[in-house]
Every structure is written in C-alpha cells, then in structure tokens.
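# Commentary on secondary and tertiary structure
Residues per chain are reported as follows:
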Amino acid sequence: MQEKRNIAEMGGEALREAGVLTLVFAPLYELFEPATPSWATFCLVWIVGGILLALGIQVERKRT
C-alpha cells in the first residue's frame, strides 16, 4: 500500500513539473509561431519557468 503524500511533496512536484513544462514548451512556441517572436516575453516566461523549477526543488529539499 502506498503511503500518503503530504502537501509539501505534492506542491513541490507540481511546481517542478510546471517549471519543466514551461522551460520546454516556451521555446517551442516561439520557434513555431508564425508571427515574429517577442523575445522579451520569451525571456520572461523562461525565467518564470526557471523560478518555478527552483521553487519546486527547494520545497522538496525542505520537506525531508
């Protein structure tokens, strides 16, 4: 039987996944979008993805 997961574990996992998905799909969206890419928006979204990933890692580290 699986042991229950606590809120910190689930929150850290969700933040990590959101960060990774943002880091992966933001560049793909800018590359394949037919309009001229907005590099300022791309950089902002990429930085936010990195922050989400780092926060998820920190939450997981503090949980243990």
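Residues numbered from 1 in each chain as written. Predicted model: local features only at pLDDT ≥ 70, side-chain atom pairs only at ≥ 80, totals over all residues. Heavy atoms only, no water.

For the protein chain, the helix and strand inventory stands at 2 helices and 0 strands. Across the protein chain, contacts joining residues at least 24 apart in sequence account for 72% of those joining residues at least 6 apart. (Helix = DSSP H or I, 4+ residues; strand = E, 2+ residues; numbered from the N terminus. Contact = heavy atoms within 4.5 Å.)

Moving on: the environment of L15. Within the element layout of this structure, L15 appears in helix α1 (residues 7-32). Of the residues examined, L15 reaches a relative accessible area of 27% and is grouped as partly exposed. Distance in space between the C-alpha atoms of L15 and I51 is 9.1 Å, their sequence separation being 36 residues. Residues within four places of L15 in sequence aside, it is in contact with L52, L53, L55, G56 and V59. (Buried < 20%, exposed > 50% of the residue type's maximum accessible area, 1.4 Å probe, protein only.)

Packing of α1 against helix α2 (residues 39-63) leaves a shortest axis separation of 7 Å and a crossing angle of 160°. Put simply, α1 runs roughly antiparallel to α2. The handedness of the crossing between α1 and α2 comes out as left-handed. Among the residues forming the contact of α1 with α2, the class breakdown is 15 nonpolar, 6 polar and 6 charged. (Axes fitted to C-alpha atoms, helices over the stretch in contact; angles between N-to-C directions. Parallel < 35°, antiparallel > 145°, perpendicular 65-115°, else oblique. Left-handed = near helix turned anticlockwise from the far one by under 90°. Nonpolar A, V, L, I, M, F, W, Y, C, P; charged D, E, K, R; others polar.)

Time to look at a nonpolar patch on the surface. Taken together, the side chains of V20, L21, V24, F25, L28, L31 and F32 present a nonpolar region at the surface, about 710 Å² in accessible area. Tracing the chain through its elements places V20 in helix α1. According to the relative accessible area criterion, V20 is partly exposed, its value standing at 39%. (Patch = residues over 30% accessible without salt bridge, like charges linked within 9 Å, V, L, I, M, F, W, Y side chains within 5 Å. Areas by Shrake-Rupley, 256 points an atom, 1.4 Å probe, with all protein chains shown as cover. Salt bridge = Lys/Arg side-chain N within 4 Å of Asp/Glu carboxyl O.)

The next subject is the environment of M10. Summarising the element assignment, M10 is placed in helix α1. The class for M10 is partly exposed, based on a relative accessible area of 42%. Here the alpha-carbon distance between M10 and E60, two residues 50 residues apart in the chain, equals 8.9 Å.

Looking at where E60 falls in the secondary structure, it is placed in helix α2. Excluding residues that lie within four positions of it along the chain, E60 makes contacts with A8, E9, G12, E13 and R16.

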